[in-house]
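Listed here are the chains, written in short residue letters.
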Amino acid sequence: MFYKKSIEQLLLEAGASGEGNLKRSLTSFNLVALGIGAIIGAGLFSLTGIAAAENAGPAVTISFVLAAVACAFAGLCYAEFASMIPVAGSAYTYSYATMGEFAAWIIGWDLVLEYALGAATVSVSWSRYLLEFLHKYNINIPHQLVVSPWETVKLGDGTIIEGGLINLPAIFIVMLLSLVLMRGTKESATMNNILVIVKVAVVIVFIALGWSHINPANYHPYIPENTGAFENFGWTGITTGAAVVFFAFIGFDAVSTAAQEAKNPKKGMPIGILGSLVVCTILYVLFAHVMTGLLNYKEFAGDAKPAATAFAMTGYSFLQDGLIVAILAGYTSVILVMLMGQSRVFYTMAKDGLLPKFFSSIHTKFSTPWKTNIFFMFFVSIFAGFVPVSDLGHMVSIGTLFAFVLVCIGVLVMRGTQPNAVRPFRTPLVPLVPVLGIIVCVWLMYSLPIESWIRLFIWMALGIIIYFTYGRKNSKIGKSLK
Ligand code: ALA
């Protein structure tokens, strides 16, 4: 259970050329784009309005800054590891090197919540925007086929759809992108670059065109008075808002799963992880500032597409459809990177023998872990098609925060056990930064509903059973040491 992998061994395995390995094709620019690709999505385009209306008012900008600070602590720790151990497994591999096989398995298993369920969450949100778009043009798909059971959807014109059978558009987008991923990493990165340009362009257009239509009256009061309920407004509202918009930052760590495909990971990893985080924070704060300036925060209550509602205030109504299409494109890149990250983590775990070989099989022509892609195409589709979006979102947040905590602990452990290892990027102010990272992430986990904690424990218990019945017996390092 406590077997560790040495850094030398990890690097040797990752650097081994020949068949059955991933190709190094990603530049630093690709990596920053990959980060932004995974970051800007449902969090910005839907949760900003909810957090403003329910928790923080116009001060949702401060919530974004707080959430960014929490991510920055974890991001600095990720950057140290990703430049030091640039292999595909991300947090899973870092734990293998620092805390041993069992901890590594736990985190690898936990990352399914972030990546696979993250892809499912955003695909459900994607389906909502698509529905809205089609509805505008009087194209109505039967309700049973666009809404999952136990879910209620409110369309722009007030139509309410209650509990359908299956969310087919969400399944469609997951399947389509899984096929793109199977085709090739370079092709996927190129597609991602285009989607990211569209997405960043729409955010900038929103900020630029919206700025001159801001009504300063909407900023009074900037921090609405606390209503007495714990999480509503005032400073406590701002911190709860931070836990809500945390979802908007998830994904910067996905850059680290591409480490084994980066041309120069030592330089590219810190640039990719921290660069995408900085760019997104600036865009988020400006976006939230304009959004709450265009419309009073109270107007965003219950609105699943607040960006479009706010933009309508500018009078550029002819741009409305373009906005929705660009948002759909933006969501697509989030799903793409999440699915990619997931397949890379399972690929690495299978290479270590903790999962069946099936998951590490590389396509001879496309050099992608295509069987894993197929597996997750079905796995993610089940969640996308049948589970309500809020339940999915909370699972993603709790799973991600748990992973962040373990990575911060990992940096502390590694500095103690291997102080002289080569670190192309060093987390500053250790132990302060990792310790603050742990505190802030645990605090954000604490503000998530109890159901998500129960589900986290169930998922982890399942993982532990699989480890003891399969992984422990088949672990490559375990076998070689025996
Ligand atoms: N950060 C990603 C999003 O907001 C998961 O969609």
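Placed above this text is the structure.
Residues numbered from 1 in each chain as written. Predicted model: local features only at pLDDT ≥ 70, side-chain atom pairs only at ≥ 80, totals over all residues. Heavy atoms only, no water.

### Focus on the overall build of the protein
No. 1: Helices and strands together make up the secondary structure of the protein, namely 17 helices and two strands.
No. 2: Scaling as 2.2 N^0.38, a compact globule of 482 residues should have a C-alpha radius of gyration of about 23 Å, and the protein matches this with 22 Å.
No. 3: In the protein, which comprises 482 residues, the share counted as buried stands at 60%.
No. 4: Summed over its atoms, the accessible surface of the protein is roughly 18300 Å², and 69% of this surface lies on carbon and sulfur atoms. (Helix = DSSP H or I, 4+ residues; strand = E, 2+ residues; numbered from the N terminus. Rg over C-alpha atoms; globule rule 2.2 N^0.38 Å. Buried < 20%, exposed > 50% of the residue type's maximum accessible area, 1.4 Å probe, protein only. Areas by Shrake-Rupley, 256 points an atom, 1.4 Å probe, with all protein chains shown as cover.)

### A look at unusual backbone geometry
No. 1: Geometrically, the link from histidine 220 to proline 221 is a cis peptide bond, its omega value of 0 degrees lying close to zero.
No. 2: In this structure, proline 221 sits in the loop between helix 8 (185-211) and helix 9 (234-245).
No. 3: Residue proline 431 is reached from valine 430 by a cis peptide bond, and omega for that bond is 10 degrees.
No. 4: Looking at where proline 431 falls in the secondary structure, it is placed in the loop between helix 14 (389-417) and helix 15 (432-446).
No. 5: With a phi angle near 60 degrees, asparagine 138 is a residue other than glycine that sits in the positive phi range.
No. 6: Given the relative accessible area of 66%, asparagine 138 is considered exposed.
No. 7: Even without being a glycine, leucine 429 presents a positive backbone phi close to 50 degrees.
No. 8: The topology assignment puts leucine 429 in the loop between helix 14 and helix 15.
No. 9: Residue classification places leucine 429 among the exposed positions, given a relative accessible area of 61%.

### Observations concerning the nonpolar core
No. 1: By size, the foremost hydrophobic cluster in this structure holds 162 residues, and its most contacted members are Phe45 and Ile85.
No. 2: Residues within four places of phenylalanine 45 in sequence aside, it is in contact with Ile40, Tyr129, Val202, Val203, Phe287, Ala304, Lys305, Pro306, Ala307, Ile327 and Tyr331.
No. 3: Counting residues in hydrophobic clusters, the runner-up holds five residues, among them Leu131, Val146, Val147 and Ile161. (Core = buried A, V, L, I, M, F, W, Y, C linked by side-chain atoms within 4.5 Å. Contact = heavy atoms within 4.5 Å.)

### Some thoughts on helix 3 (residues 42-56)
In an α-helix there are 3.6 residues to a turn, and that puts residues three or four apart on one side.
No. 1: In a regular helix each residue adds 1.5 Å, so 15 residues correspond to 21 Å; helix 3 covers only 18 Å between its end C-alpha atoms and thus falls short of that length.
No. 2: Most of helix 3 sits inside the fold, with 13 of its 15 residues counted as buried.
No. 3: Of the residues trailing helix 3, glycine 57 is marked for its positive phi of about 65 degrees. (Expected span 1.5 Å × (residues − 1).)

### A word on the environment of valine 202
No. 1: Relative to the elements of secondary structure, valine 202 occurs in helix 8.
No. 2: For valine 202, a relative accessible area of 9% puts it in the buried group.
No. 3: Sequence spacing of valine 202 and valine 435 is 233 residues, and the spatial spacing of their C-alpha atoms is 37 Å.
No. 4: When sequence neighbours within four positions are dropped, the list of residues in contact with valine 202 reads Phe45, Leu323 and Ala326.

### Looking at the packing of helix 8 against helix 12 (residues 320-351)
No. 1: It is the contact of helix 8 with helix 12, at a shortest axis distance of 8 Å, that shows an interaxial angle of 140 degrees. Relative to helix 12, helix 8 is oriented oblique. The two elements helix 8 and helix 12 meet at a crossing, and its hand is left-handed. Contact residues: Thr185, Ser188, Met191, Asn192, Leu195, Val196, Val198, Lys199, Val202 and Phe206 in helix 8; Leu323, Ala326, Ala329, Gly330, Thr332, Ser333, Val334, Leu336, Val337, Met340 and Arg344 in helix 12.
No. 2: When the residues that make up the contact of helix 8 with helix 12 are grouped by side-chain class, the tally is 13 nonpolar, six polar and two charged. (Axes fitted to C-alpha atoms, helices over the stretch in contact; angles between N-to-C directions. Parallel < 35°, antiparallel > 145°, perpendicular 65-115°, else oblique. Left-handed = near helix turned anticlockwise from the far one by under 90°. Nonpolar A, V, L, I, M, F, W, Y, C, P; charged D, E, K, R; others polar.)

### Some remarks on the site of the ligand
No. 1: The full set of residues close to the ligand is Ala38, Ile39, Gly41, Ala42, Gly43, Val122, Phe247, Ala248, Ile250 and Val334.
No. 2: Note that an oxygen atom of the ligand is positioned 2.7 Å from one of the backbone N or O atoms of glycine 43.
No. 3: Look at the ligand: alone it shows 220 Å² of surface, and the protein chains cover 100% of it.
No. 4: Among the elements of the structure, helix 2 (28-39) and helix 3 are those that each provide at least two residues to the shell around the ligand.
No. 5: Residue classes in the shell around the ligand are distributed as eight nonpolar, two polar and no charged. (Near = heavy atom within 4 Å. Polar contact = N/O pair within 3.5 Å; in protein donor to acceptor, adjacent residues only side chain to side chain.)

### What about the pattern of salt bridges?
No. 1: Under the definition given, this model contains three salt bridges.
No. 2: Here glutamate 80 ties to arginine 423 by a salt bridge, and the two come within 2.8 Å at their closest N and O atoms. Highlighted residues: glutamate 80 in helix 4 (residues 60-84) and arginine 423 in the loop between helix 14 and helix 15, separated in sequence by 343 residues.
No. 3: Note that lysine 136 is salt-bridged to aspartate 321, the shortest N-O span being 2.8 Å. In this pair, lysine 136 is assigned in helix 6 (residues 101-136) and aspartate 321 in helix 12, connecting sequence segments 185 residues apart.
No. 4: For lysine 136, a relative accessible area of 44% corresponds to the partly exposed category.
No. 5: A single network of salt bridges, built from pairs that share partners, joins Glu80, Arg415 and Arg423. (Salt bridge = Lys/Arg side-chain N within 4 Å of Asp/Glu carboxyl O.)

### With respect to the side chain of threonine 48
No. 1: With respect to the helices and strands, threonine 48 occurs in helix 3.
No. 2: Not counting chain neighbours up to four residues away, the residues in contact with threonine 48 comprise Gly43, Val60, Phe64, Ala288 and Met291.

### A few points about helix 7 (residues 168-183)
No. 1: With 16 residues, helix 7 should cover 22 Å at 1.5 Å per step; its first-to-last C-alpha distance of 23 Å lies within 8% of that length.
No. 2: For helix 7, the set of buried residues is Pro169, Ala170, Ile171, Ile173, Val174, Leu177, Ser178, Leu181 and Met182.
No. 3: For helix 7, the secondary structure elements touched by its buried residues are helix 6, helix 8, helix 12 and helix 13 (370-386).
No. 4: Between the side-chain oxygen at the start of helix 7 and the backbone nitrogen of alanine 170 there is a gap of 3.3 Å, and the oxygen is on asparagine 167.

### A look at the packing of helix 6 against helix 13
No. 1: Running from amino to carboxyl end, helix 6 crosses helix 13 at an angle of 55 degrees, the nearest separation of the two axes being 9 Å. Considered as vectors, helix 6 and helix 13 are oriented oblique to each other. Crossing angle aside, the handedness with which helix 6 passes helix 13 is right-handed. Within the contact between the two elements, helix 6 uses Val112, Ala116, Leu117, Ala119, Ala120, Ser123 and Val124 and helix 13 uses Phe376, Phe379, Val380, Phe383 and Ala384.

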